[in-house]
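Here is how the chains run, residue by residue.
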Amino acid sequence: MDSLYLSYAGSLTENYETQLECLKALAQSQEGTDQADAYLFLADHSFAVRGKGRGRFPFLLVDNWYQLQLSRRKAERLPLAYAQVASELLTFCGVDGAVGPLTNIVSIFAGQVIHPTVSRVDLCVDFTTDLDLEAIPQNHWISRANNFARYYVQNRFSGYTFGQGGPISCRLYDKTLEIEKSQKTFLYPLWAAQGWDGESPVWRLEFQFQREVLGECAIRTVPELKQALNPLWTYATHQWLQLKYPQGDSNQSRWPVYPEWQSLLGAEFNDSARESVLRVRKDTAPSDRYLFVNGLGGLTSFMAREGIQSIDEALETYLVKAHEYHRQQSQRTGKTLPTYVREKVEQKRTRYAARKATESREQRERGRS
C-alpha cells in the first residue's frame, strides 16, 4: 500500500482550536524564533503547524508519519480531519500500525474516540522486467480509462498513466527514476531482500482508488479495506486494465494476456479472498458502451440516408438539419432545438440521479479554487 487517505467525522475541541490558531499565527510570523515555536507536541508526535491551511481546511499539521488537515469547530460539511498516511510508515508498520496511532491523535483533538472512513487508497506492486515497456503498442492496453499518456524525463521513458483524474487511475512508472528525485531510498533494502541487483530499473504498477469507487465497492472502514485488498487488485488488473496481444477475434476477452501481466495480476496483499469486488454505481447514468456504441445508431442511420462517409461532416450536417427541423416544428411545439435539448438534459439528469453528483463535483472544484 503506497498511500492511504482517511477522514474523521467530528468537531475540534475549543481548547485545541485556540491552540492551533495561536500556532498558525506563529508560523505566519516574520520572526524565525516565532516560526520555530510553531509546533504541537501530542501523543509522542511533534507536528509542525503550517502558516497556511490546505483547501477548505484552515489547519495543516505535518510530521514524518502524517499530514493532518483539520477544520474549525463550527465548520459545516467538513469532517474534523482529513489525513494522509506516509508511504514509509505503511511500508514498515502496515495498515494497523499506521492507522492506530493516527486514530488516537485525532480522537484527542475531538475529545472522544472516533474512527476513520477511507477516502483513498493506492495499491502497488514493484517489479523488474526484460520487457521493453516503452515499445508496447497502445492498442495492447485494454482499459476502461478515458485517457492514456506516456511520460518522459529528459528523453528517458518514465512510464504511463491511465484514467488520470478519474475515480480509478493507474500509473506504471520507473520507480528507481522517481526515487532519484524523491530520495525514498528506504525501498532499496526491501528490494534487495527480494533479489534486486541494485542496478536494474524497478517499475511500479500502482492503482489509485478514490472515495467514489470505494463506496461503490462497499468499502468505508479500515477493516473493510483490509478484507478488500486482493479483490481490489483483482478488479483493477482483470477488469479495469489489462495488457493483451490483439488477435483477429473481435472479443477482447479472448485475447491472450502478456505473461508479464499474468505475473502482476497474481499479486497478493494478504490472506483475504481473491474474488474481484463488485462495483455498484449509485447513479443510473448510461454506460460508455451505451453512449458511444448504441448511441451512434441515429447518427449512422443519418449518414447512410444522406450518403455521408465522414463522421465530422455528418456531425456538422446533422446539427444544421436538426436546427432546421425543430424550427419548423416550433410553431406546434413552441420549442427550438436548444430549448428541446435543454429540457431533455434536465429530465435525464434527474432520471439518472446525476444532478447531485454533478453539483457535488462543481462544489468541489469551487472549494479547490
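Overview of the structure. (Residues numbered from 1 in each chain as written. Predicted model: local features only at pLDDT ≥ 70, side-chain atom pairs only at ≥ 80, totals over all residues. Heavy atoms only, no water.)

Below, the discussion takes up helix α10 (residues 297-306). When we look at burial in α10, the residues that qualify are L299, F302 and M303. Looking straight down α10, one finds its buried side chains confined to an arc of 100°; they lie on one side. Turned more than 90 degrees away from the buried face of α10, the exposed residues are A304 and R305. On the buried face of α10, the contacting elements are α11 (311-333). Note on α10: the residue one or two positions beyond its end, G307, has a positive phi of about 70°. (Buried < 20%, exposed > 50% of the residue type's maximum accessible area, 1.4 Å probe, protein only. Helix = DSSP H or I, 4+ residues; strand = E, 2+ residues; numbered from the N terminus. Arc of directions from axis to C-beta. Contact = heavy atoms within 4.5 Å.)

Before going further, it helps to examine the pattern of salt bridges. Scanning all chains against the criterion turns up 13 salt bridges. With its nearest N and O atoms 2.8 Å apart, the salt bridge here joins R204 to D2. Here D2 lies in the segment before β1 (3-8) and R204 lies in strand β12 (residues 203-210), a separation of 202 residues in the sequence. Residue classification places R204 among the buried positions, given a relative accessible area of 3%. Judged by its relative accessible area of 10%, D2 is buried. (Salt bridge = Lys/Arg side-chain N within 4 Å of Asp/Glu carboxyl O.)

The next thing to look at is a nonpolar patch on the surface. Taken together, the side chains of L296, I311 and L315 present a nonpolar region at the surface, about 250 Å² in accessible area. Structurally, the position occupied by L296 is in the loop between α9 (288-292) and α10. On the basis of relative accessible area, L296 is assigned to the partly exposed category, the value being 34%. (Patch = residues over 30% accessible without salt bridge, like charges linked within 9 Å, V, L, I, M, F, W, Y side chains within 5 Å. Areas by Shrake-Rupley, 256 points an atom, 1.4 Å probe, with all protein chains shown as cover.)

This part covers unusual backbone geometry. Residue R77 is not a glycine yet carries a positive backbone phi of 60°. The residue R77 is located in the loop between β5 (66-70) and β6 (81-85) in this model. R77 gets classed as exposed once you look at its relative accessible area, which sits at 76%. Of note, Q154 is a non-glycine position whose phi angle comes to about 50°, a positive value. Within the secondary structure, Q154 sits in the loop between β9 (148-153) and β10 (156-162).

Our next topic: the packing of aromatic side chains. If you walk through the whole model with that rule in mind, you get 22 aromatic pairs. Measuring from ring centre to ring centre gives 5.6 Å for Y152 and F157, while their planes differ by 65°; the resulting arrangement is edge-to-face. By relative accessible area, Y152 is classed as partly exposed at 41%. An angle of 50° between the planes, with centres 6.0 Å apart, marks the rings of Y188 and W191 as tilted. Placement of both Y188 and W191 in helix α5 (residues 187-193) is noted, with a separation of 3 residues, approximately one turn of the helix. (Phe/Tyr/Trp six-rings, centres within 6.5 Å; stacked < 30°, edge-to-face > 60°.)

By themselves, these are just geometric observations and shouldn't be taken as functional.
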